[in-house]
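A closer look at the structure
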Amino acid sequence: MILRNGHVIDPANGIDRITDVAFAEGVITAVADNLPADGERELDCRGAYVVPGFVDLHVHLRDPGQTAKETLTTGTAAAAAGGYTAVAPMPNTSPATDSAEKIATLLKRSESECSVKLLPITAVTLGQEGRELADLAAAKEAGAVAMSEDGKSVMDITLYREALRKAASIGLPMFAHCEDKNLVAGGVINSGMASEKLGLPGITDAVEDVITARDLILAGETGCHVHLCHCSTAFSARLLKEAKDAGYPVSGEVCPHHFAMCDDEIPGDDANYKMNPPLRSRADMEALLEAIRDGIFDCISTDHAPHTAEEKSRGFVKAPFGIVGSETAFALSYTTLVKGGYIDMPTLVKMMSLNPSRIAGHTGGTLSVGAPADIAIVTGEECRIDARYFRSMGKNTPFDGRRVYGKVLATYIDGTRVY
Ligand code: DOR
Ligand code: ZN
Ligand code: ZN
């Protein structure tokens, strides 16, 4: 197959120009101008970008146990529609993914049920209960690419340090959801303008920043790679920069909703605007954008968190936290970051494919000859987000109806078109 005359962007090889990409038997065979036709199938990619498939280090697939929200099949179909070729599902399913056996089951099921590659994440503690460590070495052996307690933090600092020490010794990164349980105090929305306007209990920056600092400091002490999930405050970006400057083994992700929206846009008691961490202040949003411009964040992840319409109809206090993101991430990122002038397209591609791929120790994220033919074809054309057409079972997004630039035309996994 030859993808002809697309604007090929492959940050791993410094490619950013109109050229051809060829693949056969699941792997990239050439990236060069005027590849001979030789009877192969061709796709005219003029006017589109041809890029390494995106890699999402943070999704919730809800399977097993919460399949009224999403399944492996629908969640990965949504990912494919978003240009993703690999996703890392968080372990907060029912039961939690907390053993080698459950990691192996996920990988086995993915062969028949998933349209993109799975990069499973093990829970840090059994049942994510914060009491006893999971067998991290066995989980890694079975295929876990990271550990995470996402949805919460391991609050017992002694136990947590032990987990980081073990993980450091086996080369397993920690994907850290930073939230001090003792400081949350029933908050459901950012503390400030939004919580005051709506008369709702607020979540302060300290809820996130206190644990962010703890986790970065422990990365330095233990040598475990700590990857900060969904950074949402100005101060978390400063802390991440500080830790990087100190040479600590750390990285950080930012989610489109935190840099494309802020709490002054919440129209009322609508739980499609409720997620954790919450939409922060405009000043925080601007600080995140500047941090992205300055290269402080390594990647963009979605925190794709589907819930049912019924659950999300309950208002801010009673509805669960989370919004879907797989099918809006590229458009929101391209519109806000590239059209907005913060970063160029190669940097966006790097933040959505190469960097997350490296953090997960995944072989994707590049169009190098011999690499798996995991490819997305995207454009910067204008369109409107319409949740009705999502592949995800979750329609819970505050971006429904928003006009954006950025469209995914096709996604290939190992040379097979999955979208
Ligand atoms: O908004 C969120 N939703 N944040 C989390 O940390 C968990 C996630 C979920 O599982 O729904
Ligand atoms: Zn989280
Ligand atoms: Zn999450």
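Residues numbered from 1 in each chain as written. Chains lettered and ligands numbered in written order. Predicted model: local features only at pLDDT ≥ 70, side-chain atom pairs only at ≥ 80, totals over all residues. Heavy atoms only, no water.

Check the secondary structure of the chain and you find 14 helices and 19 strands. The C-alpha atoms of the chain give 20 Å as radius of gyration, which agrees with the globular expectation for 419 residues (22 Å, within 12%). Dimensions along the principal axes, computed over C-alpha positions, put the chain at roughly 65 × 45 × 45 Å. Of the accessible surface of the chain, which amounts to about 15700 Å², a share of 49% is contributed by carbon and sulfur atoms. (Helix = DSSP H or I, 4+ residues; strand = E, 2+ residues; numbered from the N terminus. Rg over C-alpha atoms; globule rule 2.2 N^0.38 Å. Areas by Shrake-Rupley, 256 points an atom, 1.4 Å probe, with all protein chains shown as cover.)

For the zinc ion (ligand 3), the protein coordination sphere consists of His58 (NE2), His60 (NE2), Asp150 (OD) and Asp303 (OD), at 2.0 to 2.2 Å. Classification of the site at the zinc ion (ligand 3) as irregular follows from its four donor atoms and the range of 84 to 174° in their angles at the metal. In the primary sequence, the donor residues of the zinc ion (ligand 3) line up as H-x1-H-x89-D-x152-D. A separation of 3.4 Å is found between the zinc ion (ligand 3) and the zinc ion (ligand 2), both of which receive a donor from Asp150. (Donors = N, O, S within 2.8 Å, 3.2 Å for Na, K, Ca; no water. Tetrahedral: all angles 85-135°; square planar, octahedral: opposite > 155°, others 65-115°.)

Moving on, we come to the packing of helix α7 (residues 205-222) against helix α8 (residues 234-245). At their nearest, the axes of α7 and α8 sit 9 Å apart, and the two run at 10° to each other. Regarding the angle of α7 to α8, the classification is roughly parallel. Residues Glu208, Asp209, Thr212, Ala213 and Leu216 of α7 touch α8, and the partners they reach there are Phe235, Ser236, Leu239, Leu240 and Ala243. For the contact of α7 with α8, the per-class residue count stands at six nonpolar, two polar and two charged. (Axes fitted to C-alpha atoms, helices over the stretch in contact; angles between N-to-C directions. Parallel < 35°, antiparallel > 145°, perpendicular 65-115°, else oblique. Contact = heavy atoms within 4.5 Å. Nonpolar A, V, L, I, M, F, W, Y, C, P; charged D, E, K, R; others polar.)

Below, the discussion takes up the state of the cysteines. Here the structure, examined in full by the defined rule, presents zero disulfides. Cys229 provides the cysteine sulfur closest to Cys255, a residue in no disulfide bond, and the two sulfurs are 8.1 Å apart. (Disulfide = S-S within 2.5 Å.)

So, on to α8. An α-helical turn contains 3.6 residues, so any two residues separated by three or four positions project in the same direction. Taking 1.5 Å per residue as the helical rise, α8 with its twelve residues ought to reach 16 Å, and the 17 Å between its terminal C-alpha atoms agrees with that figure. Those residues of α8 that sit buried are Ser236, Ala237, Leu239, Leu240 and Ala243. Buried residues of α8, seen end-on, are gathered within an arc of 160° and therefore sit on one face of the element. Away from its buried face by more than 90 degrees, α8 exposes Arg238, Glu242 and Asp245. Contacts from the buried residues of α8 go to α7, β14 (226-228), β15 (250-254) and α10 (282-293). (Expected span 1.5 Å × (residues − 1). Buried < 20%, exposed > 50% of the residue type's maximum accessible area, 1.4 Å probe, protein only. Arc of directions from axis to C-beta.)

For the zinc ion (ligand 2), the full set of protein donor atoms is Asp150 (OD), His177 (ND1) and His230 (NE2), and the range of their distances to it is 2.0 to 2.1 Å. Viewed at the metal, the four donor atoms of the zinc ion (ligand 2) are separated by angles of 83 to 126°, and the geometry they form is irregular. Positions of the donor residues of the zinc ion (ligand 2) along the chain correspond to the pattern D-x26-H-x52-H.

The next point concerns the side chain of Asn190. Looking at the element boundaries, Asn190 is found in strand β12 (residues 189-190). Note on Asn190: relative accessible area 3%, which makes it buried. Within the structure, Asn190 has its side chain in polar contact with the side chain of Asp263 (distance 3.1 Å). Side chain to side chain, Asn190 and Arg280 meet in a polar contact 3.0 Å long. Once you skip the residues sitting within four places of it in the chain, Asn190 turns out to touch Ser195, Gly202, Ile203, Asp205, Asp263, Pro278, Leu279, Arg280 and Ser281. (Polar contact = N/O pair within 3.5 Å; in protein donor to acceptor, adjacent residues only side chain to side chain.)

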